[in-house]
Amino acid sequence: MATSTPTPPRQASVEADVPASAAVSTVAAASPAPPPDTGASSLGAVAAALLARLQPFLAESHLEVEARLCRLGTSRKRARTVDDSDAAAAAARKPTVTEELNASDATPHLASAAQGGVEVGVSAEDFARMKAYVESSTAAPLSFTETVTEDVNTRAGRYTYAIAADGSGTFVGCMSKKRLCNVEVRVPGSPYDIRVSLSTEVPQPTTTAPAVKPHGYVRWKRRWTAADGTFEYAFTRIGADTDRHPACEVEVEGLHENTETGVTAAWLEDLLGRLTALARLPGNTGLEGRQTSDANSRKRHR
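Residues numbered from 1 in each chain as written. Predicted model: local features only at pLDDT ≥ 70, side-chain atom pairs only at ≥ 80, totals over all residues. Heavy atoms only, no water.

- An unreviewed UniProt entry lists the chain under the name mRNA 5'-phosphatase, from Novymonas esmeraldas.
- Per its UniProt entry, the chain bears the Sequence similarities (unreviewed entry) comment "Belongs to the fungal TPase family."
- Of the comments in the UniProt record for the chain, the one headed Subcellular location (unreviewed entry) reads "Nucleus". (UniProt positions renumbered as here; feature names shortened; annotations may be inferred.)

Following this line, the structure appears as structure tokens:
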């Protein structure tokens, strides 16, 4: 597991200061919604195939394992013409696990490496729906912690500042993040798919705030997090509080002392089941027609 940046203090009073037009809408959850079909009977095979893809990286130190909801583009791979000998060889070859999974339209499966673009995030309406579902569907109520931070991303690392209710920032630390791999899982019958990522997050020795904030790309984030065993849910609203159409991200991160022993096929099956349940919630609208905010309000250059 990656060594995490110290968690900023909970911003208990910040929400009251946010303009009503900027707040993410909420979804009433008088009673827990029935769990959507996750295709659990077939997720075991998907998890095994996923583990094979992740295995070469699990010995890395400061490793972060996270899965986010996204939308995958259509495959750009063109079919090629095969002759009779190619067809005979293909027929004689035993199909791989991934090919067997792809044969079922309703079964989640690893996406082809030749997929089109990947758009990470969910709509604001689905964001609220998913958060309400997580709050009401667990065996024990989860306690969400809210934080507001400003990240300044530079070549030297990511400088993080905790933002108080009055808008002032307190330096938290600097982290160097390196992405090792991404593996996409397509979820048929859902407006969302899943991207599983492995990254290293190494704290930098800087412990005091720079005299002047470094120059770089800035991301303002309001995040709600809650731990459930070895999983941490994170619901993140990216953009200024005045942004009418913020970017919204939903992810589940692993909480492991040792990723080599903690990231197993069974754990990955549980991870995929949690994300698939959110992806297939009744009423999800997806990202089609989503209004995007000005890029400068989400990620601007200082």
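### As for the nonpolar core
Inference 1: One finds Leu54, Leu69, Met130, Ile194, Phe235, Leu268 and Leu278 to be the most contacted residues of the largest nonpolar core, which totals 47 residues.
Inference 2: The element contributing the most residues to this core is helix H7 (residues 265-279), with 8 residues.
Inference 3: Every residue in contact with Leu54, bar those within four places of it in the chain, is listed here: Cys181, Val183, Val196, Leu198 and Leu268.
Inference 4: Within the second largest apolar cluster, 9 residues are counted, among which are Val148, Val152, Ile163 and Cys174. (Core = buried A, V, L, I, M, F, W, Y, C linked by side-chain atoms within 4.5 Å. Buried < 20%, exposed > 50% of the residue type's maximum accessible area, 1.4 Å probe, protein only. Helix = DSSP H or I, 4+ residues; strand = E, 2+ residues; numbered from the N terminus. Contact = heavy atoms within 4.5 Å.)

### Things to note about the pairing of strand S7 (residues 193-203)
Inference 1: Burial analysis of S7 places 9 of its 11 residues in the buried class, the great majority of the element.
Inference 2: Sheet topology note: the strand S1 (residues 63-72)/S7 ladder contains 8 bridges and is antiparallel. For Ala67, the partnering residue across the bridge sits in S7 and is Val196.
Inference 3: Pairing between strand S6 (residues 169-186) and S7: 10 bridges, direction antiparallel. If you follow Val185 over to S7, its bridge partner there is Ile194.
Inference 4: Between S6 and the antiparallel strand that follows it, S7, lie 6 residues; Gly189 among them carries a positive phi value of about 75 degrees. (Pairing = 2+ DSSP bridges.)

### With respect to the pattern of salt bridges
Inference 1: Under the counting rule described, the total for this entry stands at 16 salt bridges.
Inference 2: For the salt bridge of Lys221 with Asp151, the shortest nitrogen-to-oxygen distance reads 2.8 Å. Highlighted residues: Lys221 in strand S8 (residues 217-228) and Asp151 in strand S4 (residues 145-154), separated in sequence by 70 residues.
Inference 3: The buried category is assigned to Lys221, whose relative accessible area is 11%.
Inference 4: Connected via shared salt-bridge partners are Glu64, Glu66, Arg158, Lys177, Arg179 and Glu201. (Salt bridge = Lys/Arg side-chain N within 4 Å of Asp/Glu carboxyl O.)

### Remarks on the packing of aromatic side chains
Two measures describe an aromatic ring pair: the distance that separates the ring centres and the angle between the ring planes.
Inference 1: This structure, assessed with the given rule, holds 6 aromatic pairs.
Inference 2: Look at Phe127 and Phe235: their rings are 5.7 Å apart centre to centre, the planes differ by 85 degrees, and that puts the pair in the edge-to-face class. Taken together, the positions of Phe127 in helix H5 (residues 124-137) and Phe235 in strand S9 (residues 231-238) put the pair 108 residues apart, joining distant regions of the chain. Side by side, Phe127 and Phe235 carry an identical accessibility label, which is buried.
Inference 3: Cluster of aromatic residues (ring-pair linked, three or more members): Phe127, Phe144, Trp224 and Phe235. (Phe/Tyr/Trp six-rings, centres within 6.5 Å; stacked < 30°, edge-to-face > 60°.)

### Some details on the confidence of the model for the chain
Inference 1: Across the chain, pLDDT averages 78, with 69% of residues at or above 70.
Inference 2: Note that residues 75-104 has pLDDT below 50 and, in this model, 22 contacts with residues that lie over four places away or in other chains.
Inference 3: Note that pLDDT drops below 50 for residues 292-298; the model gives that stretch 18 contacts with residues more than four away or on any other chain. (pLDDT = per-residue confidence, 0-100.)

### Description of H5
Structurally, the α-helix is built with 3.6 residues per turn, so residues lying three or four positions apart point the same way.
Inference 1: Helix length check: H5 (14 residues) gives 20 Å between terminal C-alpha atoms against 20 Å at 1.5 Å per residue, within 8%.
Inference 2: Along H5, the positions that sit buried rather than exposed are Asp126, Phe127, Ala128, Arg129, Met130, Lys131, Ala132, Tyr133 and Val134.
Inference 3: Taken together, the buried residues of H5 touch S1, S8, S9, strand S10 (247-254) and H7. (Expected span 1.5 Å × (residues − 1).)

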